[in-house]
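Topology and contacts: notes
Residue strings, one per chain:
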Amino acid sequence: MTSTARPPRVPSADNPLSDALLRRLKQYSGRLSTEAVKSMQEQLDFFADLDAEQRSTVHLLVQNAVSNFVDWMKDPDRDIWKTVDSFRVVPNDLARGVTLRQTVEMVRVAMEFFENYLSRITRNDQQLQALTVAVLRYRVEVGFAAAAVYATAAESRGAWDTRLEALVVDAVVRGDSDSSMLSRAATLNWEANAPATVIVGTPPPDSGVSAVSTVHAAAEKHRRSALSVVQGSTLVAIINGEVPVRGEFISDLLEAFSDSHVVIGPTAPSLSTAHTSWREANIALRAAPGWRMAPRPALASDLLPERALLGDAHAVRALNTQIVTPLAKAANSLSETLDVYLDAGGAVEACARALFVHPNTVRYRLKKIAEITGLEPNNPRDAYVLRVAESVGRLMRSDAEPLLQFPDITSVTL
């Protein structure tokens, strides 16, 4: 039977390394790794902070590196990445507690120790020079392998974080505020009791996940926390704390959205109650086209009339609570004065004649209406809000009960 074993290596001028030398080097791999780890302890301050399991992993890492180096030296023409590929698997556990910079430092110290040790096992200058050159090349490849480990880990972690973030935002949209949702949010560095504000709009065409990245970049720039995802044709962003409608922060956030309508929901006390913010922002986004001059961004509360016209029961109740009821409880017939003033097209004198009062009395009542509601009857937009509110109030006082039976379309996802 013909033997297929490789014949013994014969040292030459091109390759002065013998099989005996390589075997001796491999036999020393355990001792070399132990001494290299000691060298790390002496030179690297962070090494003392590693636990026993991590130090054991480092020891195994160095020993494998030496052993694989010898295997490669037996056949230098083979692809070196096949040799270091096993190394790339080893540091996965270690990567959780050690940074890439620290790993590169450990590789450097280990290889420098290895280089200094070569003179003890080589027989002549030719062997020393050949091994030194090979170690330098191997050191570079190991460094690249370590970088690949961290790059792969970062990519996997990023993909996992993206999926986790989508689950959290989806739970907020559905109103699912159980402990698992809050636990996932905490994993994404969201403070459990932080107030939450939902912003909705449409992402720029063909933006994909880059819109979400823009939200994160804007939040990080202003030291805020953000959760974001694209759901269908809607970009949903949840920001911790209140979000002003003016300023550099909202300007940076708007870069993530298209030029269409953007709506800011009311700030909820916490992430577990942020569904209310999303609900109002979502229906307000659908109602925004009803206001031709709607600002960008608009507050969900600024679109109460349009939301009421869409059958949003929450908007109907808000108009009644914020405008109709306070005016009805006030003296001096403010509700009647408002109706007559709006019917008169905003003419004070005509309103006064219809009410049989002095024009100054009308002006006084209009001032009181503005103080109570925060809306100026002589402002076109405010007058429209007041008109819809008064209409809603009359319908609620009449037999038009089906108004409150309208389907709550805020539960419909865009």
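Residues numbered from 1 in each chain as written. Predicted model: local features only at pLDDT ≥ 70, side-chain atom pairs only at ≥ 80, totals over all residues. Heavy atoms only, no water.

Per an unreviewed UniProt entry, the protein goes by the name PucR family transcriptional regulator and belongs to Lolliginicoccus lacisalsi. Among the UniProt annotations of the protein, the heading Sequence similarities (unreviewed entry) holds the following wording: "Belongs to the CdaR family." (UniProt positions renumbered as here; feature names shortened; annotations may be inferred.)

This next bit is on the overall build of the protein. Helix and strand counts for the protein come out as 16 helices and 5 strands. When the accessible area of the protein is evaluated, it comes to approximately 21500 Å², of which 51% is carbon and sulfur surface. (Helix = DSSP H or I, 4+ residues; strand = E, 2+ residues; numbered from the N terminus. Areas by Shrake-Rupley, 256 points an atom, 1.4 Å probe, with all protein chains shown as cover.)

Turning to the nonpolar core, a few remarks are in order. Membership of the largest hydrophobic core comes to 34 residues, with the highest contact counts inside it found for Leu25, Met40, Phe47, Val58, Phe69 and Phe114. Counting residues per element, the ones that place at least two in this core are helix H1 (19-27), helix H2 (29-43), helix H3 (52-74), helix H5 (100-121) and helix H6 (125-174). For this core, the leading source of residues is H5, giving 10 residues. Not counting residues within four places of it along the chain, the set of residues in contact with Phe114 comprises Leu25, Leu32, Val66, Phe69 and Val135. The next biggest cluster of nonpolar side chains, apart from the first, holds 32 residues, and it includes Ala274, Trp278, Ala281 and Leu303. (Core = buried A, V, L, I, M, F, W, Y, C linked by side-chain atoms within 4.5 Å. Buried < 20%, exposed > 50% of the residue type's maximum accessible area, 1.4 Å probe, protein only. Contact = heavy atoms within 4.5 Å.)

A few words now on the packing of helix H12 (residues 313-329) against helix H15 (residues 359-373). The geometry of a pair of packed helices is captured by two quantities: the angle between their axes and the separation between those axes. Put simply, H12 and H15 touch, their axes get as near as 9 Å, and they point 135° apart. As judged from the angle between their axes, H12 and H15 are oblique. Crossing angle aside, the handedness with which H12 passes H15 is right-handed. Touching Ile323, Pro326 and Leu327 of H12 are Ile369, Ile372 and Thr373, all from H15. (Axes fitted to C-alpha atoms, helices over the stretch in contact; angles between N-to-C directions. Parallel < 35°, antiparallel > 145°, perpendicular 65-115°, else oblique. Left-handed = near helix turned anticlockwise from the far one by under 90°.)

A few words now on the packing of H12 against helix H16 (residues 380-397). It is at 9 Å that the axes of H12 and H16 come closest, and there the two elements cross at 95°. In terms of axis orientation, H12 runs roughly perpendicular to H16. Counted together, Val316, Leu319, Asn320, Ile323, Val324 and Leu327 of H12 and Val385, Leu386, Val388, Ala389, Glu390, Val392, Gly393, Met396 and Arg397 of H16 form the full contact between these two elements. For the contact of H12 with H16, the per-class residue count stands at 11 nonpolar, 2 polar and 2 charged. (Nonpolar A, V, L, I, M, F, W, Y, C, P; charged D, E, K, R; others polar.)

Let us now look at the side chain of Thr337. Residue position: Thr337 is located in helix H13 (residues 334-343). Thr337 gets classed as buried once you look at its relative accessible area, which sits at 0%. Excluding its chain neighbours within four sequence positions, the residues that come into contact with Thr337 are Asn332, Cys351, Leu355, Val362 and Arg365.

Glancing now at the environment of Thr361. Looking at where Thr361 falls in the secondary structure, it is placed in helix H15. The exposure class of Thr361 is partly exposed, given its relative accessible area of 28%. Through-space distance from the C-alpha of Thr361 to that of Thr337 is 9.8 Å; in sequence the pair is 24 residues apart.

A sheet is described by the order of its strands in space; here 5 strands give the open sequence S2-S3-S1-S4-S5, paired in mixed fashion. The open sheet has two free edges, formed respectively by strand S2 (226-231) and strand S5 (298-299), since each of these has just one partner strand. Alignment of strand S4 (residues 263-264) against S5, held across 2 bridges, turns out to be parallel. Each bridged residue has a counterpart across the sheet, and for Ile264 the counterpart in S5 is Leu299. Sheet strands in contact with helix H8 (residues 210-221) are S2 and strand S3 (234-240), and its direction is about 165° off that of S2. Docked against the sheet, helix H10 (residues 275-287) engages strand S1 (196-201), S3 and S4, running at close to 20° with respect to S1. (Pairing = 2+ DSSP bridges.)

Further remarks concern the pairing of S1. Judged by how many residues are buried, S1 sits mostly within the fold: 6 of 6 residues are covered. Burial along S1 is two-sided: the residues Ala196, Val198 and Val200 and Thr197, Ile199 and Gly201 are all buried. Bridge count between S1 and S3: 6 bridges; the pairing is antiparallel. The residue of S3 that forms the bridge with Thr197 is Ile239.

Here the residue pair Arg296 and Pro297 is connected by a cis peptide bond, since its omega of 5° sits within 30 degrees of zero. Examined against the element boundaries, Pro297 turns out to sit in the loop between H10 and S5. The phi angle at Arg223 is positive, at roughly 55°, despite the residue not being glycine. Turning to its location among the elements, Arg223 is positioned in the loop between H8 and S2. Residue Arg223 is classed as exposed on the basis of its relative accessible area of 79%. Of note in the backbone geometry, Phe356 takes a positive phi value of approximately 60° without being a glycine. Mapped onto the elements, Phe356 comes out in the loop between helix H14 (348-355) and H15.

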